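# Working through the structure, step by step
Listed below are the residues making up each chain.
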Amino acid sequence: MRPLSQTKGFSHPTTVHGSLLEMIGNTPLVRLRNVTSELPAGVEVWVKLECSNPSGTAFDRSARQIVFDAMESGDLDTNKTLIDATQGRMGVAYAMCGAALGISVELVMPKRIAPSLKHTIETYGATCTFVDTIEDAISLARQTADEDRDTYFFADQYSNPSNARAHEFTTAEEIVAQTHARVTHFVAGGAG
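Residues numbered from 1 in each chain as written. Predicted model: local features only at pLDDT ≥ 70, side-chain atom pairs only at ≥ 80, totals over all residues. Heavy atoms only, no water.

Here serine 159 lies in the loop between strand E6 (152–154) and helix H5 (161–178). Linking serine 159 and isoleucine 121, residues 38 residues apart in sequence, is a C-alpha distance of 22 Å. (Helix = DSSP H or I, 4+ residues; strand = E, 2+ residues; numbered from the N terminus.)

Shown next, in the form of structure tokens:
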């Protein structure tokens, strides 16, 4: 078997990063051809590979933006703990950001979370509290932060405008640049 470096199509990374956070975004677009072959001539469908982000999802963008905005406003620093409710993937992204920046992360999530996500979150050093539902998780995270604002920053991913701002500032600009502003339709989907 040939080494990967001698395999057709393999390229060595040309960028060196100082942190996982620098690797968030600038994900590739890939054109779908086979599954779109029945579409009218001239119609192109492209997929943005958010799985290329460090934790494998677009949630990295949101978590980074929420954390950076909170640090810029003074609501979060290394003396506070970020707390939020999550169904898993955003928790991984928060835990990764916290580890990279030296910020404690505490997550409240439903008991049904996949063991692999729990393991990844804890590997990054975040702590987890488990409850029955996501509604219970949101309530407990909010209550914990409200009771001790000197210790906690409630990130509130479901209502935090920084969540959408991450995609306005990064994802949207990347798609426009990568398609040379030829976008006519956009469809987004995701899993929590």
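A word on the packing of helix H1 (residues 59–73) against H5. Put simply, H1 and H5 touch, their axes get as near as 8 Å, and they point 120 degrees apart. Judged by the angle between their axes, H1 and H5 are oblique. The hand of the H1/H5 crossing is right-handed. Every residue of H5 that contacts H1 at Arg61, Ser62, Arg64, Gln65, Ile66 and Asp69 is listed here: Ser162, Asn163, Arg165, Ala166, His167, Phe169, Thr170, Thr171 and Glu174. Residue classes in the contact of H1 with H5 are distributed as three nonpolar, seven polar and five charged. (Axes fitted to C-alpha atoms, helices over the stretch in contact; angles between N-to-C directions. Parallel < 35°, antiparallel > 145°, perpendicular 65-115°, else oblique. Left-handed = near helix turned anticlockwise from the far one by under 90°. Contact = heavy atoms within 4.5 Å. Nonpolar A, V, L, I, M, F, W, Y, C, P; charged D, E, K, R; others polar.)

This next bit is on the confidence of the model for the protein. Counting all residues, the mean pLDDT for the protein is 90, and 91% of those residues have values of 70 or more. The low-confidence segment residues 1–7 (pLDDT under 50) makes five contacts with residues lying over four places distant or belonging to another chain. (pLDDT = per-residue confidence, 0-100.)

Counted according to the given criterion, the structure contains ten salt bridges. As a salt-bridge pair, glutamate 44 and arginine 31 come within 3.9 Å of each other at their nearest N and O atoms. Here arginine 31 lies in strand E1 (residues 29–32) and glutamate 44 lies in the loop between E1 and strand E2 (45–48), a separation of 13 residues in the sequence. By relative accessible area, glutamate 44 is classed as partly exposed at 31%. Its relative accessible area of 28% is what places arginine 31 among the partly exposed residues. Across the salt bridge formed by aspartate 156 and arginine 142, the nearest N and O atoms sit 3.7 Å from each other. (Salt bridge = Lys/Arg side-chain N within 4 Å of Asp/Glu carboxyl O. Buried < 20%, exposed > 50% of the residue type's maximum accessible area, 1.4 Å probe, protein only.)

Moving on: the sheet that holds strand E3 (residues 81–85). Spatial ordering of the open sheet is given by E5-E4-E3-E6, a layout of four strands whose pairing is parallel. The sheet is open, and its two edges are formed by strand E5 (127–131) and E6, each paired on a single side. Each neighbouring strand pair of the sheet contributes to a mean axis angle of 25 degrees, computed without reference to strand direction. Pairing of E3 with strand E4 (residues 104–110) involves five bridges; the strand directions are parallel. In the sheet register, threonine 81 faces E4, and the bridge partner there is serine 104. Packed on one face of the sheet, helix H2 (residues 89–101) meets E3 and E4 and runs near 170 degrees to E4. (Pairing = 2+ DSSP bridges.)

Membership of the largest hydrophobic core comes to 26 residues, with the highest contact counts inside it found for Leu76, Leu82, Tyr94, Leu107, Ile121 and Phe153. Secondary-structure elements contributing two or more residues to this core are H1, H2, E4 and helix H3 (115–123). The dominant element in this core, judged by the number of residues it contributes, is H2, at seven residues. Once residues within four sequence positions are removed from consideration, leucine 82 is found in contact with Val67, Leu76, Tyr94, Ile103, Ser104, Val105, Glu106, Phe153 and Ala155. Of all hydrophobic cores here, the second largest spans ten residues; its members include Ala85, Val108, Val131 and Ile134. (Core = buried A, V, L, I, M, F, W, Y, C linked by side-chain atoms within 4.5 Å.)

Closest axis-to-axis distance for the H1/H2 pair is 8 Å, and the angle between their directions is 50 degrees. Of the possible angle classes, the one that applies to H1 and H2 is oblique. For the element pair H1 and H2, the recorded crossing hand is right-handed. Contacts between H1 and H2 pair Phe59, Asp60, Ser62, Ala63, Arg64, Ile66, Val67, Phe68 and Met71 from the former with Arg89, Met90, Ala93, Tyr94, Met96, Cys97 and Leu101 from the latter. Looking at the contact of H1 with H2 residue by residue, the classes come out as twelve nonpolar, one polar and three charged.

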